[in-house]
Amino acid sequence: MGTVAAHGLCKSFGKVQALDGVTLDVPDGSFFVVLGPSGAGKTTTLRAIAGLEKLDAGSVHLDGRDATGDAPATRDLAMVFQNYALYPRHTVYENIASPLRARRCSSREIAAAVERMSSLLHIERLLQRRPAQLSGGEMQRVALARALVRRPRAFLMDEPLTNLDLKLRVEMRTELTRIHRSLGATVVYVTNDQVEALSMADQVAVLKEGKVQQVGTPTEVYERPANRWVAGFVGSPPISLLACHAEGDRLVGAQGWTLPRPRWTTAQGGRALLLGLRAEDLSVEQCGDASLSGELYGLEPLGDRTVVDVLVGTEILKVKARPTVTGRPGERLSVAVDLDRAHLFDADTGLSLSGAGR
Amino acid sequence: MAVSVDEAVSTGPARDHPPPARRLGGRSRSVLEVALLTVLAVVMLFPVLWMIETSIKENRDVYAVPAEFFGFTVTMDHFKDVFVGPDGGRSALSVAFLNSILVAGASTVLATVLGVPAAWAYSRFAVKAKKDQLFFILSTRFMPPVVVVIPIFLMYRQVGLIDTKLGLILIYAAYNLPFTIWMMKGFVDEVPAEYEDAAMLDGYTRLQAFRRFTLPLLVPGIAATAVFALIFSWNEFVFAIFLTSSDSVRTAPPAIAGLIGGTTVDWGLVAAASVVFALPVLVFAYLVRKHLIAGVTLGAVRR
Ligand SMILES: Nc1ncnc2c1ncn2[C@@H]1O[C@H](COP(=O)(O)OP(=O)(O)O)[C@@H](O)[C@H]1O
Ligand SMILES: [Mg+2]
């Protein structure tokens, strides 16, 4: 039980407009990820939902009830803070027990709950330590335990995995997803890591400079980015954007190339456009109907694959290739383009021009 | 105070940047440094030593010309006179010391009880015109007590606070409050607000969050601030001499001053009273010296 709806959140700190009309609708039981770069307003959004930030405008509804002015304690939310905010004088045990103590649970209940949480998050050994004696990753797990120890209306998590090392992060990602499924709890999860967003989310809201750029499932955000910025932020290696314009049934690149004009686009002739091509929709190993020619600029082996940088005129195309690919910088290459999966953006507004029919 | 700058620096949290080795111990000081420090110590401490010596000399030795530094008879009579009156009962000075303890203690407690929450509020909340308010509060300290003592005297006479301990307690608390707020605000600023945020999400109210999670972290700061307030109230002379007159109300500073000015001055008694007066603050400051250093170096060690 727990829906979170934020409407038109506005918040400025002096001259900085941290939130500029943020609207989020988090359905009951969903894992909702707010994705954005540092400084986008993610933390401020969470704090606004939690009632820790006084809003300039906008409302927060919890379970359909207006909770905009409510005190944090009455909102029945649990939060994992970006910088943990573990109580320095309290042991790990007392930190985890704190939400239950505030609710006057019996010490038997508390002991059982803390034990459950500590085994879930593998921190049994740490219970008698104080936060100063923990590593960053351990603190983060304690912060998670403190949030998960009770069943609030919704969990708010502010980059809870960023400080873990990669192995633990991947492990915790699966673990969190599993916990979410088993509890059926509503989670609002903030991250700047698009892999985390795509792998864990039921829904993603992409945030930039206090404005929501797009809300959708991970697939929607990845496959149909609403604008060039979302396209560039989501996906690794980042999407390649080539300047061009439409001429009749062709796309003419600023660097002199031409490609057939995709059927799906609504772009009008004469406008400055950006052709967005993801690395996996390009190939240097196959030939296709549509291709671009350029020269090899560099190879970036990543183990399971190699990213080939191809220089087309003065623009770089990132192309995904098998790890066995070889080549010499300067070598001429032909890059096959899967135009059905390409994206077109208006160069001025940045908005997607890919028609709805895709 | 008996704390060297070196000690203050090396006990501060600036451990990451150890001071140059030359500064770490006394042994490796240069000869010049030792010589200068010795001269300085003698100059600074001579009046104190002289006071202590006078307090244990017999009157005969006190007035001896030339003065005897070493060959005098030690006596505790002056200290007895501080506490026991000529009639065998309590002396006026001992009453004054008790008054000083009460007035300094109560005014410090009052200033702390009011100042700590105020500092917390100024640190945590968006108060309108916060900077102006804080400056105004501080500006009340720009004035020396002498400037305001006449109007306060008149007001106190109107409301019947003249020549009462309560009157002194109130004026000292009022005078210490700005200082308490400013110093405590520095300490509250150092405690991340997130602890309270986390506590509120745990289910505590704002005040509970402050009491349970922030206040314990402020104890060293409160101790440091209280010592400074206490020292001010303990030493305060101007308000005390203007606003009080009777022996049962007077605090120690005007009482000691009152010993001087008759036809003869009992210097032994004055010295003994001064030693007794200086001791509590010295002992107290020594006991809380760590906190004092935390208070003094506040700002200097900010990350
Ligand atoms: N308490 C604050 N005072 C001033 N500026 C703030 C404060 N909190 C956040 N900001 C500013 O608001 C913007 C958004 O911050 P934040 O929500 O923390 O971003 P994110 O969590 O996405 O990195 C940033 O430009 C940040 O500098
Ligand atoms: Mg943040």
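Predicted model, so just to flag it, every value in this text is computed and none were measured. (Residues numbered from 1 in each chain as written. Chains lettered and ligands numbered in written order. Predicted model: local features only at pLDDT ≥ 70, side-chain atom pairs only at ≥ 80, totals over all residues. Heavy atoms only, no water.)

1. Focus: the overall build of chain A
A tally of regular secondary structure across chain A gives eight helices and 20 strands. Dimensions of chain A, computed from the C-alpha atoms along their principal axes, are close to 75 × 45 × 35 Å. Across the 358 residues in chain A, those meeting the buried criterion constitute 53%. The contacts in chain A between residues at least 6 apart in sequence include a share of 65% that link residues at least 24 apart. When the accessible surface of chain A is totalled, it reaches about 15800 Å², and 49% of it is carbon and sulfur. Each charge class in chain A was averaged separately, 43 positive and 41 negative side chains, and the resulting centres sit 6 Å apart. (Helix = DSSP H or I, 4+ residues; strand = E, 2+ residues; numbered from the N terminus. Buried < 20%, exposed > 50% of the residue type's maximum accessible area, 1.4 Å probe, protein only. Contact = heavy atoms within 4.5 Å. Areas by Shrake-Rupley, 256 points an atom, 1.4 Å probe, with all protein chains shown as cover. Lys, Arg positive; Asp, Glu negative; His and termini not counted. Charge placed at Lys NZ, Arg CZ, Asp CG, Glu CD.)

2. A few points about the domain arrangement of chain B
Often, the extent of an interface is quoted as the loss of accessible area upon association of its parts. All names here are of chain B. For chain B, the assigned domains read domain 1 (24–78) and domain 2 (83–296). Put simply, the middle of domain 1 and the middle of domain 2, counted by C-alpha atoms, are 31 Å apart. Taken together, the contacts link eight residues of domain 1 with nine residues of domain 2. Carbon and sulfur atoms supply 70% of the area that domain 1 and domain 2 bury against each other, a total of about 660 Å² over both sides. Together, M51, Y63 and H78 form the three largest contributors to the area buried by domain 1 at its contact with domain 2, with a combined 63%. Taken together, domain 1 and domain 2 are joined by zero salt bridges. Taken together, the links from domain 1 to domain 2 amount to one residue pair in polar contact (both at pLDDT 80 or more). When contributions to the side of domain 1 that touches domain 2 are tallied by element, the ones reaching two or more residues are α2 (31–55) and α3 (59–62). The element contributing the most residues to the side of domain 1 that touches domain 2 is α2, with four residues. For the side of domain 1 that touches domain 2, the residue count by class is four nonpolar, four polar and no charged. (Domains from an automatic or database assignment. Buried area = accessible area lost by both parts, 1.4 Å probe. Salt bridge = Lys/Arg side-chain N within 4 Å of Asp/Glu carboxyl O. Polar contact = N/O pair within 3.5 Å; in protein donor to acceptor, adjacent residues only side chain to side chain. Nonpolar A, V, L, I, M, F, W, Y, C, P; charged D, E, K, R; others polar.)

3. Some words on the sheet that holds strand β6 (residues 77–80) of chain A
Residue and element names in this part refer to chain A. Reading across the sheet, the six strands line up as β6-β7-β8-β3-β9-β10 and stay open at both edges, with mixed pairing between neighbours. Sheet topology places β6 and β10 (211–216) at the edges, where each strand pairs with a single neighbour. When the angles between neighbouring strand axes are averaged without regard to direction, this sheet yields 15 degrees. Pairing between strand β9 (residues 203–208) and β10: five bridges, direction antiparallel. What sits directly across from V206, in β10, is Q214. Across the sheet, helix α4 (residues 136–148) lies against β6 and β7 (154–158), angled at about 175 degrees from β6, the strand it touches most. (Pairing = 2+ DSSP bridges. Axes fitted to C-alpha atoms, helices over the stretch in contact; angles between N-to-C directions.)

4. Overview of the packing of helix α6 (residues 130–139) of chain B against helix α8 (residues 165–190) of chain B
Between two packed helices, the angle of one axis relative to the other and the distance separating the axes together describe the packing. Residue and element names in this part refer to chain B. One can describe the packing of α6 onto α8 by two numbers: an axis separation of 8 Å at closest approach and a directional angle of 135 degrees. By the angle between their directions, the pair α6 and α8 is classed as oblique. Here the hand of the crossing between α6 and α8 comes out left-handed. Only P178, I181, W182 and K185 of α8 make contact with α6, whose side of the interface consists of L134, F135, I137 and L138. Residue composition of the contact of α6 with α8, by class: seven nonpolar, no polar and one charged. (Parallel < 35°, antiparallel > 145°, perpendicular 65-115°, else oblique. Left-handed = near helix turned anticlockwise from the far one by under 90°.)

5. Here's the deal with the interface of chain B and chain A
Contact residues are listed per partner, giving 14 residues for chain B and 22 residues for chain A. Taking both sides of the interface into account, the surface hidden between chain B and chain A amounts to around 1600 Å²; carbon and sulfur atoms contribute 62%. Of all residues in chain B, E194, L201 and D202 of chain B bury the most surface against chain A, accounting for 39% of the area lost on that side. Summed over the shared surface of chain B and chain A, the number is one salt bridge.

6. Topic: the nonpolar core
Within the largest apolar cluster, 52 residues are counted, with the highest numbers of intra-cluster contacts made by L9, M79 and L156 of chain A together with L218 of chain B. Among the elements that take part in this core, helix α10 (residues 206–235) of chain B stands out by supplying seven residues, more than any other. In this structure L156 of chain A touches L46, I49, A50, L77, A78, M79, V80 and V188 of chain A, once residues within four positions along its chain are discounted. Ranked by size, the runner-up nonpolar core spans 50 residues in total, among them A97, M139, L144 and F233 of chain A. (Core = buried A, V, L, I, M, F, W, Y, C linked by side-chain atoms within 4.5 Å.)

7. Points about α8 of chain B
End to end, α8 of chain B covers 36 Å across 26 residues, agreeing with the expected 38 Å (1.5 Å per residue, within 8%). Along its length, α8 of chain B shows its largest kink, about 35 degrees, at N176 of chain B, and proline P178 of chain B lies within four residues downstream of that point. (Expected span 1.5 Å × (residues − 1). Bend = angle between axes of the 7 residues up to and from the residue.)

8. A look at the site of ligand 1
Residue and element names in this part refer to chain A. Close contacts around ligand 1 come from F13, V16, A18, P37, S38, G39, A40, G41, K42, T43 and T44, and that covers them all. Note that an oxygen atom of ligand 1 is positioned 3.1 Å from one of the backbone N or O atoms of A40. Contact with the protein chains removes 61% of the 560 Å² of surface that ligand 1 exposes when unbound. Counting only elements with at least two residues in the shell around ligand 1, the list comes to β2 (16–26) and α1 (42–50). Looking at which element gives the most residues to the shell around ligand 1, the answer is α1, with three residues. Of the residues assigned to the shell around ligand 1, the class counts are five nonpolar, five polar and one charged. (Near = heavy atom within 4 Å.)

9. A word on the sheet that holds β2 of chain A
Residue and element names in this part refer to chain A. Read from one edge of the open sheet, four strands run β2-β1-β4-β5, paired in antiparallel fashion. Unpaired on one side and paired on the other, β2 and β5 (65–66) mark the two borders of the sheet. Two strands pair when backbone bridges link them, and strand β4 (residues 57–62) and β5 are joined in this way by two bridges, in the antiparallel orientation. Each bridged residue has a counterpart across the sheet, and for H61 the counterpart in β5 is D66. On the sheet, α1 packs against β1 (4–13), β2 and β4 and is oriented at approximately 60 degrees with respect to β2.

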